[in-house]
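Residues per chain, in single letters:
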Amino acid sequence: MTTAPPSVVPVIDVVRSNSASRTALAIGIALLLIAASLPWWGESSWMREFVEIACYFIFAMMWNLLAGYGGMVSIGQQAFFGFGGYVMLVLGNFAGVNPFIAIPLGALAAALVAVPVSFVAFRLSGGYFAIGTWVIAEVFRLSFANISAVGGGSGTTLIALRGIEKATRESVTYWMALACVVAAISLVYLFLRSKRGLALLAIRDNEVAAESQGVPVARMKLAVYVVAAFGAGLAGALYFVGNLRISPDAAFSVNWSAFAIFMVVIGGIGRIEGPLVGALIFWALNKFLSDYGTWYLLGLGLLAIVITLFFKQGLWGYAQQRWGWSLFPTRRHLVQRIP
């Protein structure tokens, strides 16, 4: 008499990474090492272009975190972009703080001011929230335009870098931009892979259902709003260190939010790769076609319309759906295996 073999119980594994993401990590580390050495062999114009792309990317990344993952569509994030830039300038010109040290301080100041601002903004929802954030940004712009110490409506120049050689200034600004890009990607990626990231996605999909499951909705929305303000302030402070001049119209222009929306929609909303792809496309269009004036703006609008009609999830979203590309996988997949 023979006995039946014992049944094999399959094991369920939770898989987060894939071969594409592991390959992307290795390539990313190699590119990072090459990029870090750029000041020793590259042109100064390359470093300036990278700083510009970095500012676009960080600002778009924070808008994507706020709207794409948190469901809070804002058209007033330029309030924190400009605030971070002005705090950096005030600390550098009037307090004697090294402007490179003032960059994270400006970002921290933007995060702190976002707390009282949120008490006003969170009283609104949906389209009213979006318009309300724009009004708040206009209040910031008008307030700084009436402060004569920082040049009023015409703005002023960052003179704290006057004693630093141009080559040193450009190199340090470049390294700061590179560090800020790496930090922004790493922090957002780790956050979205955590339990808080899952809670944020639940809030975006349905606030009532998320709260019924024990998710602290109000606290999570405040945390994301403050983090997005910190990132916007970081991008603003970095941008005006590289630009050496600031004015209310340049710092608090609604174009910043419009450009961020364009970059995220083009690249793919709700994806870490989306703002990166969108920032590169926007920079290329801005560099080579901005001289065409009104036609350039019409071209941007037409491109956005085409993408939203035929690639509803953005270019990277389409690539991810078609070929399964995911450089920064945040989803969890259950894989069954036989031990």
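Residues numbered from 1 in each chain as written. Predicted model: local features only at pLDDT ≥ 70, side-chain atom pairs only at ≥ 80, totals over all residues. Heavy atoms only, no water.

**Quick look at helix α4 (residues 78-94)**
Then step 1. Helix length check: α4 (17 residues) gives 23 Å between terminal C-alpha atoms against 24 Å at 1.5 Å per residue, within 8%.
Then step 2. The buried fraction of α4 amounts to 14 of the 17 residues, a majority that puts the element mostly inside the structure.
Then step 3. Gly 96, located one to two residues past α4, shows a positive phi value of around 75°. (Helix = DSSP H or I, 4+ residues; strand = E, 2+ residues; numbered from the N terminus. Expected span 1.5 Å × (residues − 1). Buried < 20%, exposed > 50% of the residue type's maximum accessible area, 1.4 Å probe, protein only.)

**Some words on the packing of helix α12 (residues 255-267) against helix α15 (residues 314-323)**
Then step 1. At their nearest, the axes of α12 and α15 sit 3 Å apart, and the two run at 15° to each other. For the element pair α12 / α15, the angle class is roughly parallel. Of the residues in α15, those touching α12 at Val 265, Ile 266 and Gly 267 are Gly 314, Leu 315, Trp 316 and Gly 317.
Then step 2. Classifying every residue of the contact of α12 with α15 by side-chain character gives 4 nonpolar, 3 polar and no charged. (Axes fitted to C-alpha atoms, helices over the stretch in contact; angles between N-to-C directions. Parallel < 35°, antiparallel > 145°, perpendicular 65-115°, else oblique. Contact = heavy atoms within 4.5 Å. Nonpolar A, V, L, I, M, F, W, Y, C, P; charged D, E, K, R; others polar.)

**Remarks on the packing of aromatic side chains**
Each aromatic ring pair is characterised by the separation of its centres together with the angle its planes make.
Then step 1. Summed over the entire model, instances satisfying the criterion amount to 26 aromatic pairs.
Then step 2. With 5.9 Å between their ring centres and 65° between their planes, Phe 81 and Phe 240 make a pair best called edge-to-face. Residue Phe 81 is located in helix α4, and its partner Phe 240 is located in helix α10 (residues 217-243); the two are separated by 159 residues in the primary sequence.
Then step 3. Considering the side-chain rings of Tyr 239 and Phe 240, the 5.1 Å spacing of their centres and the 90° angle between planes classify their relative orientation as edge-to-face.
Then step 4. Ring pairs connect the aromatic residues Tyr 56, Phe 59, Phe 81, Tyr 239, Phe 240, Trp 256, Phe 259, Phe 262 and Phe 282, which therefore count as one cluster.
Then step 5. The ring of Phe 122 has Lys 221 sitting right over it, with the charged end atom 5.6 Å from the ring centre.
Then step 6. Over the ring of Phe 288 we find Lys 287; its NZ or CZ atom is 6.0 Å from the centre of that ring. (Phe/Tyr/Trp six-rings, centres within 6.5 Å; stacked < 30°, edge-to-face > 60°. Lys NZ or Arg CZ within 6 Å of the ring centre and 35° of its normal.)

**Some details on the UniProt feature "transmembrane region" (unreviewed entry) in the chain**
Then step 1. The feature "transmembrane region" (unreviewed entry), as given by UniProt, occupies residues 20-41, 53-72, 142-161, 173-192, 222-242, 254-272 and 292-311 in the numbering adopted here.
Then step 2. Secondary structure content for residues 142-161 is 20% helix and 10% strand, while the C-alpha to C-alpha distance between its ends is 27 Å.
Then step 3. Within residues 292-311, the helical portion is 85% and the strand portion 0%, while the C-alpha atoms at the span's ends are 26 Å from each other. (UniProt positions renumbered as here; feature names shortened; annotations may be inferred.)

**Re α12**
Then step 1. Given a rise of 1.5 Å per residue, 13 residues ought to cover 18 Å, and the 18 Å separating the end C-alpha atoms of α12 matches this to within 8%.
Then step 2. Buried residues of α12: Trp 256, Ser 257, Ala 260, Phe 262, Met 263, Val 264, Ile 266 and Gly 267, and no others.
Then step 3. Positive backbone phi, approximately 135°, marks Gly 268, located one or two places after α12.

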